[in-house]
Structures are given as C-alpha cells and as structure tokens.
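Here are the chains, one letter per residue:
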Amino acid sequence: MFENLNWWEIAALLMLALLIFGERLPKVIGDGLRMLRGLRAMAQNATSDLSRELGTDIQLQDLHPKAFIRKHLLSEEDEAAIRKPLQGLFEDVKSDLNGVKSDLNDVAAAADLKSPAQAPAPAAKPAISSFDIDAT
C-alpha cells in the first residue's frame, strides 16, 4: 500500500495526522483498526456463505472468473488440452531468445567490451597554432 512512499513522506503524513487529530490520534487509530477487522470479518463471512451455498470449498482468490472456471468447470484433461499449444509456443519463443542471447554474448566477447586494455587510444588533440591577428 505504501510501497511508493519514501520515509520522509510517511513521516510527513504522520506529522500531519498528529496535527489534525492531536490528542484524539490513538482513538482514531483504534477506530480505524476496528473498522478494518470488521471489514475482514465481513469478507470471511461472505466467502464462507458463498462456499456453503455452492457446496465447494471456495477461497476469495477463486472468485476471479478465470480461476473459477479453471477450478470448477474444467477437468485436468481439458486444461492440459488448452495449455498444449501455448506450451509449444512458449518453448519456441524461449529457444529463440536463448539463441539471441548466445549471439549477443558472442558479439560481446568478440568486441571484448569488458577489458579496458582494448579501448582505443584517445585521438591526439590538434595543436592550436598561434597566429597574428594584425597580419590578416
């Protein structure tokens, strides 16, 4: 939830919460946690009710339509038949990418980009000749 916030932003949010709520902050945090526990309990109750109504063991993740169809409607043979063409395609792409990787490694080894001894010497700077402005 807070993965894209750094520590300074979290500290600023905590300071802002402290300024807004002041002495009521512990009560507000307690109310928020109580509400979160209530929502979690409601979700568990709804899942268990749905599981009881359908007669199968259902998890919250199983409610996604693709997961539901895969788990409850397709047999293992049907799922294997669906995966077979895609698996072959995956293997073909994987072998092609491995070939490209080996070709790139060969090119990098031939160019030997890793060793600084092979780096070309810097070109000599052309000497700037002094000239007389009045002569022109």
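Within any chain, residue numbers begin from 1 and follow the written order of that chain's sequence. Per-residue local features of the predicted model are confined to residues with pLDDT of at least 70, and side-chain atom pairs are confined, for both listing and counting, to 80 or more; whole-chain, interface and lining totals are unaffected and use all residues. Hydrogen atoms and water are omitted, and side-chain values are computed over all heavy atoms in the structure.

S.K.: Let's hear about the overall build of the protein: which residues, and what values?
M.R.: Along the protein, the regular secondary structure elements total four helices and zero strands. Working definition: helices are DSSP H or I runs of at least four residues, strands are E runs of at least two. Numbering for both runs from the N terminus. Starting at the N terminus and walking to the C terminus, you meet the elements of the protein as α-α-α-α. Per-residue accessibility, obtained with a 1.4 Å probe over protein chains only, is compared with the maximum for each type, and a residue is labelled buried under 20%, exposed over 50%, and partly exposed between these values. Classification of the 136 residues of the protein by burial places 4% in the buried group. Methods summary: accessible areas were calculated by the Shrake-Rupley approach with a probe of 1.4 Å, and residue burial reflects only the protein chains presented. Of the roughly 12700 Å² of accessible surface on the protein, a fraction of 64% belongs to carbon and sulfur atoms.

S.K.: Break down the confidence of the model for the protein for me, citing the residues and quoting the values.
M.R.: For every residue, the pLDDT score states the predictor's confidence, bounded by 0 at the bottom and 100 at the top. When pLDDT is averaged along the protein, the result is 78, and 78% of the positions lie at 70 or above. Per-element confidence in the protein is highest for helix H2 (residues 25–54), whose mean pLDDT is 88, and lowest for helix H3 (residues 65–72), whose mean pLDDT is 73.

S.K.: How would you sum up helix H1 (residues 7–21)? Please name residues and give values.
M.R.: Look at H1: 21 Å from first C-alpha to last across 15 residues, which is about the 21 Å you get at 1.5 Å a residue. Under the rule applied, a polar contact is a pair of N or O atoms within 3.5 Å (in protein, one hydrogen donor and one hydrogen acceptor; residues adjacent in sequence only if both atoms are side-chain atoms). Two or three places before tryptophan 8, at the start of H1, stands the capping residue asparagine 6, its side-chain oxygen 3.2 Å from that residue's backbone nitrogen. Just past H1, the residue glycine 22 takes up positive phi, approximately 60 degrees. A helix is expected to span 1.5 Å for every residue after the first.

S.K.: An account of a nonpolar patch on the surface is needed here, citing residue identities and associated values.
M.R.: Grouping into patches uses exposed residues only, defined as over 30% relative accessible area, and leaves out salt-bridged ones; the cut-off is 9 Å for like charges and 5 Å for nonpolar side chains (Val, Leu, Ile, Met, Phe, Trp, Tyr). Each salt bridge in this description consists of a side-chain nitrogen of Lys or Arg and a carboxyl oxygen of Asp or Glu lying within 4 Å of one another. Residues Leu13, Leu16, Ile20, Phe21 and Val28 make up a contiguous nonpolar surface patch of roughly 410 Å² in combined accessible area. Per element, the largest residue contribution to the nonpolar patch is four residues, and it comes from H1. Secondary-structure assignment places leucine 13 in helix H1.

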